[in-house]
Amino acid sequence: MNTKNTSKIIPVKKPKINVITLGCSKNTYDSEVLMGQLRGNSMDVVHEANHMGKDDIVVINTCGFIDNAKQESIDTILQYSQLKEEGKVGKVIVTGCLSERYKPELEAEITNVDAFFGTNDLNNLLHSLGANYKHELIGERLLTTPSHFAYFKIAEGCNRPCSFCAIPLMRGKHVSRDMQELVNEAKILAAGGTKELILIAQDLTYYGLDIYGKRNLDELLRRLSDVNGIEWIRLQYAYPSGFPMEILDAMNERENICKYLDMPLQHITDNMLKSMRRGITKQKTIDIVNQIRDKVPGIAMRTTLICGYPGETEQDFEEMMNWVEETRFDRLGCFTYSHEEKTHAHSLVDDVPEEVKQQRVDAIMEIQQGISYDINQEKVGKTYKVLIDRKEGDFFIGRTEFDSPEVDNEVLIDANTGYAANGSFVQVKIDRAEDFDLYGQIVK
């Protein structure tokens, strides 16, 4: 009698790991690094998949910056913890800024989350998923953006004392990344088809002070500029106080460094800037904007402002409105003040009513809409180099060097009159302009 067991051994299917990213581009970068490590550990990882199996693991990378972002993060955690209760997913793991800032409260309130990790907890997060951190994978990421552009984080944390900001509570002190490591990462990205690097940090201009003893962003820019295949390098989040003007020399010297600068200024009146602990005055702010424009003619400047900070009077607001009208920023975003616990400003009285905050934001954005319309009209009839991001309906949609993805203007090209591949550069003659969009035709 043959007693040999002929039944097949069925391999155990590994659970899929679904990473959900909330918040800013720095979180996007962190999720991409996490997914690169998981893929390097031979794990099945996806980004924001709609369909999941009952054994799959959800990792939610949260934002804890301001009230709206915190609420979105909490809602997302509750949504997936409910799916776990219903047996539709296996595990729910939370990481990122919200859990860095509120871990004890979250653990007490949302008890069926399997684990909470902070912003600098990648090793432990990987171990919880059955993976190990692999140093040889530094620079390897699983991009969640279209492959032709990538967010490129050059530093973590922030040393600035801004009164309204909770970032140092969640991200810690400023830590610059090694320059050679960054150059190697840029080469890996370029080899994979990335053409645009969008440099991000809490404060780009502080880069190098902690590890090289000097502000070293200009040298980093030149070295990244030399990487074969990188056609655009874009600067986001430059701090005005102590701004290293030598960055602008690099911008003028190198064609692939975009004439674009995102410098969040937050306010303009001296009493607001002082209370915000920005380390700069109204006159110095005006001077630095003028110096940047003088040194790099045609540069597109983007800024962000806060309305309704504690103690902001009608006079403060009108002064800011007048300054916005006079300065004519190419790009501008405006936000209502959010009263964040454990920040310096939390000791102040949040005395501007929410509806007044919103009215002030709306008034600023109405002014900016008119400025943007006027600036765009000046572009009609001119030809620009445009990077194509996607096709949507009857249009190919791209950007000029003066526009960052998701936040700035777009160029729409009628797909019936010309063809452009995603990730390609084309020359586009602008024939029509609206408040925030340009329309044009591809020219040879």
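Residues numbered from 1 in each chain as written. Predicted model: local features only at pLDDT ≥ 70, side-chain atom pairs only at ≥ 80, totals over all residues. Heavy atoms only, no water.

Novice: Now, about the overall build of the protein: what can you tell me, with residues and values included?
Specialist: If you tally the helices and strands in the protein, you get 13 helices and 18 strands. Computed over the C-alpha atoms, the radius of gyration of the protein is 24 Å, within 12% of the 22 Å expected from 2.2 N^0.38 for a compact globule of 444 residues. Dimensions of the protein along its principal axes, counting C-alpha atoms only, are 95 × 60 × 45 Å. Relative to its 444 residues, the protein shows a buried fraction of 51%. Within the protein, residue pairs in contact and separated by at least 24 positions form 73% of the contacts whose partners lie at least 6 positions apart. As displayed, the protein has an accessible area near 20,100 Å², and 49% of this comes from carbon and sulfur atoms. Mean positive and mean negative side-chain charge positions of the protein (52 and 69 charges, respectively) differ by 7 Å. (Helix = DSSP H or I, 4+ residues; strand = E, 2+ residues; numbered from the N terminus. Rg over C-alpha atoms; globule rule 2.2 N^0.38 Å. Buried < 20%, exposed > 50% of the residue type's maximum accessible area, 1.4 Å probe, protein only. Contact = heavy atoms within 4.5 Å. Areas by Shrake-Rupley, 256 points an atom, 1.4 Å probe, with all protein chains shown as cover. Lys, Arg positive; Asp, Glu negative; His and termini not counted. Charge placed at Lys NZ, Arg CZ, Asp CG, Glu CD.)

Novice: Now, about the UniProt feature "binding site: [4Fe-4S] cluster 1" (unreviewed entry) in the protein: what can you tell me, with residues and values included?
Specialist: The positions UniProt marks with the feature "binding site: [4Fe-4S] cluster 1" (unreviewed entry) are Cys-24, Cys-63 and Cys-97. Their sequence span is 74 residues, while the largest C-alpha to C-alpha distance among them is just 10.5 Å; these annotated residues converge on one region. Looking at the element boundaries, Cys-24 is found in the loop between strand E1 (17-21) and helix H1 (25-40). With respect to the element layout, Cys-97 can be found in helix H3 (residues 97-109). Cys-97 has contacts with Asn-27, Thr-62, Cys-63, Gly-64, Thr-119, Met-170 and Arg-171, leaving out every residue within four places of it along the chain. (UniProt positions renumbered as here; feature names shortened; annotations may be inferred.)

Novice: Could you give an account of the domain arrangement of the protein, naming the residues involved and the relevant values?
Specialist: Looking at the protein, the domain boundaries give domain 1 (17-135), domain 2 (145-378) and domain 3 (382-442). Of note, the centres of domain 2 and domain 3, computed from C-alpha atoms alone, are 25 Å apart. Counting residues at the interface gives 23 residues for domain 2, matched by 26 residues for domain 3. Counting the surface lost from both domain 2 and domain 3, the interface buries some 2,100 Å², and carbon and sulfur atoms represent 48% of this. At the boundary of domain 2 and domain 3, one finds four salt bridges. As a salt-bridge pair, Glu-196 and Arg-399 come within 2.7 Å of each other at their nearest N and O atoms. The interface formed by domain 2 and domain 3 contains 20 residue pairs in polar contact (both at pLDDT 80 or more). Among the elements of the structure, strand E6 (149-153), strand E9 (196-200), strand E10 (232-235), strand E11 (257-262), strand E12 (300-307) and helix H13 (354-377) are those that each provide at least two residues to the side of domain 2 that touches domain 3. At five residues, H13 tops the list of elements feeding residues into the side of domain 2 that touches domain 3. (Domains from an automatic or database assignment. Buried area = accessible area lost by both parts, 1.4 Å probe. Salt bridge = Lys/Arg side-chain N within 4 Å of Asp/Glu carboxyl O. Polar contact = N/O pair within 3.5 Å; in protein donor to acceptor, adjacent residues only side chain to side chain.)

Novice: Lay out the UniProt feature "binding site: [4Fe-4S] cluster 2" (unreviewed entry) in the protein in plain terms, naming residues and giving numbers.
Specialist: UniProt tags Cys-158, Cys-162 and Cys-165 as "binding site: [4Fe-4S] cluster 2" (unreviewed entry). Inspection of the secondary structure puts Cys-158 in the loop between strand E7 (155-156) and helix H5 (167-171). When its relative accessible area of 11% is taken as the criterion, Cys-158 is described as buried. For Cys-158, the residues in contact, after removing those within four places along its chain, are Pro-168, Gly-172, Lys-173, His-174 and Gln-202. If you trace the backbone, Cys-162 turns up in the loop between E7 and H5.

Novice: Summarise the packing of aromatic side chains; cite the residues concerned and give the values.
Specialist: Under the definition given, this model contains eight aromatic pairs. With centroids separated by 6.1 Å and ring planes inclined at 85 degrees, the aromatic side chains of Phe-149 and Tyr-151 adopt a geometry described as edge-to-face. The exposure class assigned to Tyr-151 is buried, which follows from its relative accessible area of 5%. Ring geometry for Tyr-309 and Tyr-337: centres 5.4 Å apart, planes at 75 degrees, overall edge-to-face. Pair noted here: Tyr-309 is in the loop between E12 and helix H12 (314-327) and Tyr-337 is in the loop between strand E13 (331-336) and H13, with a separation of 28 residues, a long-range link. The pair Tyr-309 / Tyr-337 is uniform in exposure class, with both members buried. Lying across the ring of Phe-329, Arg-293 places its NZ or CZ 5.8 Å from the centre. For the cation-ring pair, Arg-432 lies above Tyr-439, with the distance from its terminal atom to the ring centre recorded as 3.9 Å. (Phe/Tyr/Trp six-rings, centres within 6.5 Å; stacked < 30°, edge-to-face > 60°. Lys NZ or Arg CZ within 6 Å of the ring centre and 35° of its normal.)

Novice: Go over the side chain of Thr-28 with me, naming the residues and quoting the values.
Specialist: For Thr-28, the location among the structural elements is in helix H1. Judged by its relative accessible area of 15%, Thr-28 falls in the buried class. With residues near it in sequence (within four places) discarded, Thr-28 still touches Thr-21, Thr-144 and Tyr-151.

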